[in-house]
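# Reading the structure
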Amino acid sequence: MPDQPRILVIEDEPPLQKLLRVTLAASGYQVIESATAGDGIIQAATTPPDLIILDLGLPDADGVEVIRRIREWSSMPIIVVTARGKEQDKIVALDAGADDYLTKPFSVGELLARVRVVLRHLATLQTDSAATQISFANIQIDLAKREVLKSGNRLQLTPTEYRLMITLVKNSGKVMTHAQLLKEVWGPDATHENHYVRVFMNQLRQKIEDDPSDPKHFLTETGIGYRFFADN
Ligand code: CA
């Protein structure tokens, strides 16, 4: 079927290759495979997939190098696969432009959920690029007027809270690291002040979330950053 999303799996461990191939094919995805960074980059360029699942530990190069190379010419979604506990590896991969990560060992359900989120995010981006209105739950955002309504009542957001919200909403489903948020919201010079993000995120949740202590939209990725979900 030509409409099946194509997923390029760049992975060198046979058991994991098999798990990914079988699981994704059974869910109706078309699977292409590479076992090295070099071949993966060539495959991504010659037959561009809808999504890449990328192991960070490859025999010929670090997976982060693959992300950097692909990001020179493409914004195709990339989910990285890393070993548990390597928080810093995830952050480096996300900062290089990965969209999400899976920690080994992962469940089939977790894998498919991440794939769906990233592909749905892509669909939203493609259809909504010219939209000036964004809405989720009881929140309506008018991008042209920079106005935010909650259940029809106008919210008073500071310019920084607004920028933080828009940055996350426009990257719906994608993990944004502290460094990425600092760069987008505060500018390129503010890259080491992680507590800024935490303080403004608390303020934003107080205003947007129905229960700020149990957020449904602006979620914490512990040790890494934040992620927005419209429907959670
Ligand atoms: Ca590996």
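Heads up: the structure comes first, above all this text.
If you're wondering where the values come from, they're calculated on a predicted model, not measured in any experiment. (Residues numbered from 1 in each chain as written. Predicted model: local features only at pLDDT ≥ 70, side-chain atom pairs only at ≥ 80, totals over all residues. Heavy atoms only, no water.)

Moving on: the side chain of T177. Mapped onto the elements of the fold, T177 is located in strand β10 (residues 175-177). Setting aside residues no more than four positions away along its own chain, T177 makes contact with I91, L94, D95, I224 and G225. (Helix = DSSP H or I, 4+ residues; strand = E, 2+ residues; numbered from the N terminus. Contact = heavy atoms within 4.5 Å.)

What follows concerns the sheet that holds strand β12 (residues 225-228). Sheet architecture is open: 3 strands sit in the order β10-β12-β11, paired in antiparallel fashion. Single-partner strands in this sheet number two, and they are β10 and β11 (218-221). The average undirected angle you get between the axes of adjacent strands in this sheet is 30 degrees. Sheet strands in contact with helix α7 (residues 178-186) are β10 and β12, and its direction is about 75 degrees off that of β10. Across the sheet, helix α8 (residues 194-208) is in contact with β11 and β12; its angle to β11 comes to roughly 150 degrees. (Pairing = 2+ DSSP bridges. Axes fitted to C-alpha atoms, helices over the stretch in contact; angles between N-to-C directions.)

This part is about the coordination of the calcium ion. On the protein side, the calcium ion has D12 (OD), E13 (OE), D55 (OD) and G57 (O) as donor atoms, found 2.1 to 2.9 Å from it. One chain supplies every donor to the calcium ion, and in sequence these donors are spaced D-E-x41-D-x1-G. Here the residue E13 occupies a position in the loop between β1 (6-10) and α1 (14-26), and D55 occupies one in strand β3 (residues 51-55), the gap between them amounting to 42 residues. Classification of E13 as partly exposed rests on a relative accessible area of 34%. Residue classification places D55 among the buried residues on the basis of a relative accessible area of 2%. (Donors = N, O, S within 2.8 Å, 3.2 Å for Na, K, Ca; no water. Buried < 20%, exposed > 50% of the residue type's maximum accessible area, 1.4 Å probe, protein only.)

Note that A37 resides in helix α2 (residues 37-46). Separated by 108 residues in sequence, A37 and K145 have C-alpha atoms that sit 45 Å apart. In contact with A37, not counting residues within four places along its chain, are L58, D60, A61 and V66.

On inspection of all chains with the given rule, the structure shows 13 salt bridges. In this structure, K216 and D214 form a salt bridge, with 2.8 Å as the shortest nitrogen-oxygen distance. In this structure D214 comes out as partly exposed when scored by relative accessible area, which is 39%. The residue R227 makes a salt bridge to E221 at a minimum N-O spacing of 3.1 Å. (Salt bridge = Lys/Arg side-chain N within 4 Å of Asp/Glu carboxyl O.)

Attention shifts here to the pairing of β11. As defined by bridge partners, β11 adjoins β12 across 4 bridges and the pair is classed as antiparallel. Bridge assignment links L219 to a residue of β12, and that residue is R227. Hairpin connection between β11 and β12: a loop of 3 residues separates the two successive antiparallel strands, and G223 in this loop has a positive phi of roughly 80 degrees.

This next bit is on the packing of helix α6 (residues 159-170) against α8. At their nearest, the axes of α6 and α8 sit 10 Å apart, and the two run at 85 degrees to each other. Put simply, α6 runs roughly perpendicular to α8. Between α6 and α8, the contacting residues are T160, E161, L164, M165 and L168 on the first element and V197, F200, M201, Q203, L204, K207 and I208 on the second. Its residues assigned to classes, the contact of α6 with α8 comprises 8 nonpolar, 2 polar and 2 charged. (Parallel < 35°, antiparallel > 145°, perpendicular 65-115°, else oblique. Nonpolar A, V, L, I, M, F, W, Y, C, P; charged D, E, K, R; others polar.)

By the definition in use, this model includes 5 aromatic pairs. Ring geometry for F136 and F218: centres 6.4 Å apart, planes at 75 degrees, overall edge-to-face. Separated by 82 residues along the polypeptide, F136 in strand β6 (residues 133-136) and F218 in strand β11 bring together distant segments of the chain. Residue classification places F218 among the buried residues on the basis of a relative accessible area of 0%. Both rings, one in W186 and one in F200, keep their centres 5.4 Å apart while their planes meet at 65 degrees; by these two values the pair is edge-to-face. With W186 in helix α7 and F200 in helix α8, this residue pair connects regions lying 14 residues apart in the sequence. (Phe/Tyr/Trp six-rings, centres within 6.5 Å; stacked < 30°, edge-to-face > 60°.)

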